[in-house]
Amino acid sequence: IGSALGVDESNAKTGVQVFPNPAADHVFINFGKPGLYVSDITLLNETGSTMREVTLNRAGDQIFSFPTSGLSAGLYYLVINSGEGSIVRKIAILN
């Protein structure tokens, strides 16, 4: 599923969804698989600089709220490090 901006919102292989996209204050991350172990989530800007990082080191949460308030408008990359490898999602922030 893609948005009008061409931002990838889901992935059939992993089941991970990020919404709303575009976002303002926060995005919700639906991990898709019950019990999926997630070590951390990092938000990178277009140049690859880390803007935010959250350490989870847990499994079981289906949906997680990731804060995006205070960020400049633009495109960012959410990097979700799980027990199955890294999952990357492009998100648009509108502030």
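So, how was this worked out
Numbering of residues starts from 1 in every chain and runs along the sequence as written. Local features in this predicted model are restricted to residues whose pLDDT is 70 or higher, and side-chain atom pairs enter the listing and the counts only when it is 80 or higher, whereas totals over whole chains, interfaces and linings include all residues. Working from all heavy atoms in the structure, the side-chain values ignore hydrogens and water. Helix numbers and strand numbers start at the N terminus; a helix is a DSSP run of H or I with at least 4 residues, a strand a run of E with at least 2. Summary of the burial criterion: residues with accessible area below 20% of their type's maximum are buried, those above 50% are exposed, and those between are partly exposed, where the area comes from a 1.4 Å probe applied to protein chains only. Residues are treated as being in contact if the distance between any of their heavy atoms lies within 4.5 Å. A 1.4 Å probe and the Shrake-Rupley method give the accessible areas. Residues count as covered only by the protein chains that appear here. If DSSP finds at least two bridges between two strands, the strands pair. All axes are obtained by fitting lines to C-alpha atoms, using only the stretch in contact for helices, and the reported angles, taken between N-to-C directions, cover 0 to 180 degrees. Distance and chemistry together define a polar contact, namely a pair of N or O atoms within 3.5 Å, with one atom able to donate a hydrogen and the other to accept it when in protein, and with adjacent residues in sequence counting only for side-chain atoms on both sides.

Caption draft 1: View of the overall build of the chain. Broken down by element type, the chain carries 0 helices and 7 strands. Listing each helix as α and each strand as β along the chain from the N terminus yields β-β-β-β-β-β-β. Per-residue burial for the chain yields a buried fraction of 38% across its 95 residues. Excluding contacts between residues fewer than 6 apart, the proportion of contacts in the chain whose partners are at least 24 apart in sequence is 48%. Surface accessibility of the chain: about 4,900 Å² in total, with carbon and sulfur atoms responsible for 52%.

Caption draft 2: View of the sheet that holds strand β7 (residues 85-93). Read from one edge of the open sheet, 4 strands run β4-β3-β6-β7, paired in antiparallel fashion. The open sheet has two edge strands, β4 (50-59) and β7, and neither has a second partner. Pairwise comparison of adjacent strand axes, ignoring direction, gives a mean angle of 15° for this sheet.

Caption draft 3: Molecular detail of the side chain of S39. Along the polypeptide, S39 turns up in strand β3 (residues 37-44). Setting aside its immediate chain neighbours within four residues, S39 contacts V54, T55, L56, N57 and N81.

Caption draft 4: Structural view of the side chain of D40. Following the sequence through the fold, D40 ends up in strand β3. Engagement of the side chain of D40 in a polar contact is seen with the side chain of S39, the distance being 3.2 Å. Among the polar contacts made by the side chain of D40, one reaches the side chain of N81 at a distance of 2.8 Å. Those residues within four positions of D40 in sequence are excluded, and the remaining contacts are E53, V54, T55, L56, V79, I80 and N81.

Caption draft 5: Quick look at the pairing of strand β6 (residues 74-82). Relative to β6, β3 runs antiparallel, the two being bridged by 6 bridges. Bridge pairing in β6 links I41 to I80. Two elements, β6 and β7, share 9 bridges in a ladder whose sense is antiparallel. Looking across to β7, one finds that Y76 is bridged to I91. The antiparallel pairing of β6 with β7 creates a hairpin that spans 2 residues between the two strands.

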